[in-house]
Amino acid sequence: MYEWMLQSPIGPLTLFSGGEAVMELRFGDLRQGGPGCALLERAAEELGEYFAGARRVFTVPLAPAGTPFQRLVWDALREIPYGTTATYGEIAARIGRPGAARAVGSANHHNPLSIFVPCHRVLGANGALTGYAGGLEAKRKLLAIEGVRLSL
C-alpha cells in the first residue's frame, strides 16, 4: 500500500493507493510508514490546484471500494458540477431510486474518496449543511472554495 500526506486548507489529508488508482482519502495525518508513489504525488498536486481554485475536475484514476449501490451513488456525486450543490433526494432521483434519500446519505457517509468524489456538494433537503467526515467547517470551506454561497 502506498500513502501520501499533504497539508490543505482543511487540515492534513492522507491518500492511499495500491499503485494503479487512488483508493482512499482520509482526514488527518494517518501515515503508517508506507512508501509514496508518483500517482499519489500527482493526486496531491491536483488537490493543491483544487484548493488554489485552479482545478475543477480531477483526472487521477480512482478506485473506491464499495457496494454496487454505493458506487452508483458515488458516480452520481461526480456528476454534480463544481460550484453547485444537490440534495440527498435529488441524488436518489438521479439514480432512479427516488425514495432512497437516506440510503444515499449512508453511501455518502461511506465515501472513501471525499473531495475527489464530491460528497461535500450534497446538502439536506432544506439546503442545510449536513454531516461530513472532515467536519462541517471543512465542508463549508470546500463549498466556499467553489464559490457556493449557503443561504442558511
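Before any of the text, the structure's been laid out above.
Quick caveat: nothing in here was measured; it's all calculated off a predicted structure.

What counts as what
Residues numbered from 1 in each chain as written. Predicted model: local features only at pLDDT ≥ 70, side-chain atom pairs only at ≥ 80, totals over all residues. Heavy atoms only, no water. Helix = DSSP H or I, 4+ residues; strand = E, 2+ residues; numbered from the N terminus. Contact = heavy atoms within 4.5 Å. Areas by Shrake-Rupley, 256 points an atom, 1.4 Å probe, with all protein chains shown as cover. Lys, Arg positive; Asp, Glu negative; His and termini not counted. Charge placed at Lys NZ, Arg CZ, Asp CG, Glu CD. Axes fitted to C-alpha atoms, helices over the stretch in contact; angles between N-to-C directions. Parallel < 35°, antiparallel > 145°, perpendicular 65-115°, else oblique. Nonpolar A, V, L, I, M, F, W, Y, C, P; charged D, E, K, R; others polar. Buried < 20%, exposed > 50% of the residue type's maximum accessible area, 1.4 Å probe, protein only. Salt bridge = Lys/Arg side-chain N within 4 Å of Asp/Glu carboxyl O. Polar contact = N/O pair within 3.5 Å; in protein donor to acceptor, adjacent residues only side chain to side chain. Core = buried A, V, L, I, M, F, W, Y, C linked by side-chain atoms within 4.5 Å. Pairing = 2+ DSSP bridges. Arc of directions from axis to C-beta.

Focus on the overall build of the protein
Then, in step 1: Assigned secondary structure in the protein consists of five helices and five strands.
Then, in step 2: Ordered by position from the N terminus, the helices and strands of the protein form the series β-β-β-α-α-β-α-α-β-α.
Then, in step 3: Principal-axis analysis of the C-alpha atoms gives the protein an extent of 45 × 30 × 25 Å.
Then, in step 4: In the protein, of all internal contacts separated by at least 6 residues, the share reaching a separation of at least 24 is 54%.
Then, in step 5: When the accessible area of the protein is evaluated, it comes to approximately 7500 Å², of which 52% is carbon and sulfur surface.
Then, in step 6: The protein carries 15 positive and 13 negative side-chain charges, and their two centres are separated by 8 Å.

A word on the packing of helix 2 (residues 68–78) against helix 4 (residues 101–109)
Then, in step 1: At a closest axis distance of 9 Å, the pairing of helix 2 and helix 4 adopts a crossing angle of 85 degrees. Classified by the angle their axes make, helix 2 and helix 4 are roughly perpendicular. Contacts between helix 2 and helix 4 pair Phe69, Gln70, Val73, Trp74 and Leu77 from the former with Ala103, Val104, Ala107 and Asn108 from the latter.
Then, in step 2: Residues that form the contact of helix 2 with helix 4 fall into these classes: seven nonpolar, two polar and no charged.

A word on the side chain of Glu3
Then, in step 1: Relative to the helices and strands, Glu3 resides in strand 1 (residues 2–6).
Then, in step 2: This buried residue, Glu3, is left without a salt bridge; Arg31 holds the nearest opposite charge, at 5.6 Å.
Then, in step 3: Engagement of the side chain of Glu3 in a polar contact is seen with the backbone nitrogen of Gln32, the distance being 2.6 Å.
Then, in step 4: In contact with Glu3, other than residues within four places in its own chain, are Leu15, Phe16, Arg31, Gln32, Gly33, Gly34, Pro35, Gly36 and Leu40.

Observations regarding the nonpolar core
Within soluble globular proteins, side chains that are nonpolar tend to cluster in buried spots.
Then, in step 1: With 41 residues, the main nonpolar core has Ile115 and Phe116 as its most contacted residues.
Then, in step 2: Elements with a minimum of two residues in this core: strand 2 (13–17), strand 3 (22–27), helix 1 (38–51), helix 2, helix 3 (88–94), helix 4 and helix 5 (136–145).
Then, in step 3: Among the elements that make up this core, the one with the highest residue count is helix 1 (seven residues).
Then, in step 4: Phe116 has contacts with Leu15, Val22, Leu25, Ala43, Leu47, Phe58, Val60, Leu62 and Arg78, leaving out every residue within four places of it along the chain.

As for the sheet that holds strand 1
Then, in step 1: The sheet built from three strands is open, its strands ordered 1-2-3 with antiparallel pairing. Both edges of this open sheet fall to strand 1 and strand 3, since each of them pairs with a single strand only. Here the strands of the sheet are splayed against their neighbours by 20 degrees on average, with no regard to which way each runs.
Then, in step 2: Two elements, strand 1 and strand 2, share five bridges in a ladder whose sense is antiparallel.

Side note on the pairing of strand 3
Then, in step 1: Here five bridges tie strand 2 to strand 3, and the two strands are oriented antiparallel to one another. Bridge pairing in strand 3 links Ser17 to Val22.
Then, in step 2: In sequence, strand 2 turns back onto strand 3 through a hairpin of four residues, with Gly19 there showing a positive phi of about 120 degrees.

Considerations on the side chain of Gln70
Then, in step 1: As for its placement among the helices and strands, Gln70 is situated in helix 2.
Then, in step 2: Beyond its immediate chain neighbours, meaning those up to four positions away, Gln70 contacts Ala107 and His110.

Brief notes about helix 4
Then, in step 1: Taken together, the buried positions of helix 4 are Val104, Ala107 and Asn108. Each buried residue of helix 4 lies within a common arc of 105 degrees when the element is viewed along its axis, so the set occupies one face. Exposed residues lying more than 90 degrees from the buried face of helix 4 are Arg102 and His109.
Then, in step 2: The secondary structure elements touched by the buried residues of helix 4 are helix 2, helix 3 and strand 5 (122–123).

Keep in mind these numbers describe shape, not what the thing actually does.
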